[in-house]
Amino acid sequence: MAHSRLELPPRLVDWSILITVGFAVATGMLTLVSGQPGDAVVFVLHGMGGLALVVLLFWKLRRVRPRVTNRAAWNRGTLVSILLTTLALAALATGLVWTSGGTFVVGPWLLLFVHMALGVLVIPVLVVHLRGRVRLPTTNDFAGRRTALSSLAVVGFGALVWRFQREANRVFGLASDQRFTGSTEEGTDAGNAFPVTSWVADDPDPIDPDDWQLRVGGAVERERTLSTEDLDPDSEGRTTLDCTSGWYSTHDWRGLRVGDLLDTVEPAPDAQWVSFRSVTGYRWSLPIEEARDALLATRIDGERLSHGHGFPLRLVAPGRRGFQWVKWIDKIEVSRQRDTSEWLAIFVSGFDETSTGGQ
Ligand SMILES: Nc1nc2c(c(=O)[nH]1)N[C@H]1C(S)=C(S)[C@@H](COP(=O)(O)O)O[C@H]1N2
Ligand SMILES: [Mo]
């Protein structure tokens, strides 16, 4: 069959969409653990991937439009396809609006969070959509110059439009308060007066400093238990908390350097990880060398840390995203292997408390 210049083989388009969606989802997930300035490329690639998807979807929708507009041609898969298209376009639109400085909230969520939720929802619907449809490409679909040229065009379009959007933002002064992560500023230098966020369900009762103890143990020479009087907040640092839901806040934090605390318990020579655990079960770990430079904060901009922000002790981990800055810490565990259960703990911590009548 002869193709016009603008007609690409359907399978080439479909596979390109699948690859690009995979790329967008993967880079999107990666942004959630990217917080160092050197990680900026992840956000850039994610944006370019999304924009490349716009061209591909344009091609695809042009092709399948008759199947949707003609009601007689509908089958069970049509609704799934429409749902998928809607989700994908909504994910692209919200991403585009957010990165152009659109800041509106949807219920309790910043638009960036809505964008993420839509992106995540695309995955299961895409899986249903693909069931029984996947046809492996023949060499003919991908053969030759046309494939190379159209791939180049798609990637080039993504990169060019991304560049254009940045330039437009600059000219019109849009999104000027966004960090490289896309987060916007909230309550910098305002002491405790910045957003209190719990990732899922953590909402412990205020901690009585007289009842609280910090246990430091695991792969160490001698375990230690500290009370609030033992905490000597002699270190400080100006650090940015950057929540993946789309805001950041920069403060002068004061507290104990984790390295100083570790020196007093003497980690085993082959210890690799330090896990910071909350009274709620929420936890996160850092490689031991990185952990040494992190801060266990008791104060913020000269104020005592408030309950909402993690009193009596919260982790300040430079270059890490907000969800890794554990609040209400009462346990520090040094270990040789990474605690992989933390990936589950950050989602489920806090739920058991509600079921036992706590708050
Ligand atoms: N124990 C515990 N620590 C936590 C969380 C949580 O839900 N439980 N949420 C994290 C998330 S998602 C963010 S963005 C920051 C928010 O800190 P803040 O409430 O002081 O702004 O705390 C992190 N630390
Ligand atoms: Mo967060």
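This report concerns the structure included in the present document. (Residues numbered from 1 in each chain as written. Chains lettered and ligands numbered in written order. Predicted model: local features only at pLDDT ≥ 70, side-chain atom pairs only at ≥ 80, totals over all residues. Heavy atoms only, no water.)

The number of helices and strands found in the chain is 10 helices and 13 strands. Viewed in the frame of its principal axes, the chain has a C-alpha envelope of about 80 × 45 × 45 Å. In the chain, once contacts between residues fewer than 6 apart in sequence are set aside, the share between residues at least 24 apart is 72%. For the chain, the distance from the average site of its 36 positive side-chain charges to the average site of its 39 negative ones is 19 Å. (Helix = DSSP H or I, 4+ residues; strand = E, 2+ residues; numbered from the N terminus. Contact = heavy atoms within 4.5 Å. Lys, Arg positive; Asp, Glu negative; His and termini not counted. Charge placed at Lys NZ, Arg CZ, Asp CG, Glu CD.)

Take helix α1 (residues 10-31) next. Along an α-helix, a turn takes 3.6 residues, which lines up residues three or four apart on a common side. Between its first and last C-alpha atoms α1 spans 31 Å; for 22 residues at 1.5 Å apiece the expected length is 32 Å, and the two agree. Every buried residue of α1 is accounted for by Leu 12, Val 13, Ser 16, Ile 17, Thr 20, Val 21, Ala 24, Thr 27, Gly 28 and Thr 31. The buried residues of α1 occupy an angular sector of 160° when projected down its axis, which confines them to one face. Along its buried surface, α1 packs onto α2 (40-69), α4 (111-130), α5 (139-142) and α6 (144-172). (Expected span 1.5 Å × (residues − 1). Buried < 20%, exposed > 50% of the residue type's maximum accessible area, 1.4 Å probe, protein only. Arc of directions from axis to C-beta.)

Right, let's get into the packing of α1 against α2. The contact between α1 and α2 brings their axes to 9 Å, and the two run at 155°. Between α1 and α2, the crossing angle belongs to the class labelled roughly antiparallel. Seen along the crossing, α1 lies across α2 with a hand that is left-handed. The residue makeup of the contact of α1 with α2, split by class, is 15 nonpolar, 7 polar and 3 charged. (Axes fitted to C-alpha atoms, helices over the stretch in contact; angles between N-to-C directions. Parallel < 35°, antiparallel > 145°, perpendicular 65-115°, else oblique. Left-handed = near helix turned anticlockwise from the far one by under 90°. Nonpolar A, V, L, I, M, F, W, Y, C, P; charged D, E, K, R; others polar.)

In the neighbourhood of ligand 1, 22 residues make up the surrounding shell, with Pro 195, Thr 197, Asp 202, His 309 and Lys 327 lying closest. Here an oxygen atom of ligand 1 sits 2.9 Å away from a polar atom, N or O, in the side chain of Arg 314. A distance of 3.0 Å is found between a nitrogen atom of ligand 1 and a backbone nitrogen or oxygen belonging to Trp 325. Considering ligand 1 on its own, with 540 Å² of exposed area, one finds that the protein chains cover 99% of that surface. Looking at the shell around ligand 1 residue by residue, the class counts come to 12 nonpolar, 7 polar and 3 charged. (Near = heavy atom within 4 Å. Polar contact = N/O pair within 3.5 Å; in protein donor to acceptor, adjacent residues only side chain to side chain. Areas by Shrake-Rupley, 256 points an atom, 1.4 Å probe, with all protein chains shown as cover.)

A separate point is the nonpolar core. Formed by 50 residues in total, the largest nonpolar core has its most connected members in Leu 214, Trp 253, Phe 276, Leu 296, Ile 329 and Ile 332. Counting 22 residues, the second-largest nonpolar core is a separate cluster that includes Leu 8, Val 55, Val 122 and Val 125. (Core = buried A, V, L, I, M, F, W, Y, C linked by side-chain atoms within 4.5 Å.)

The next thing to look at is the pairing of strand β13 (residues 329-335). Successive residues of a regular strand alternate their side chains across the two faces of the sheet. In the sheet, strand β4 (residues 214-218) pairs with β13 via 4 bridges, with the strands oriented parallel. Of the residues in β13, the one forming a bridge with Gly 218 is Val 334. Strand direction decides the pairing type here: strand β8 (residues 273-278) and β13, joined by 6 bridges, are antiparallel. Bridge assignment links Val 274 to a residue of β13, and that residue is Val 334. (Pairing = 2+ DSSP bridges.)

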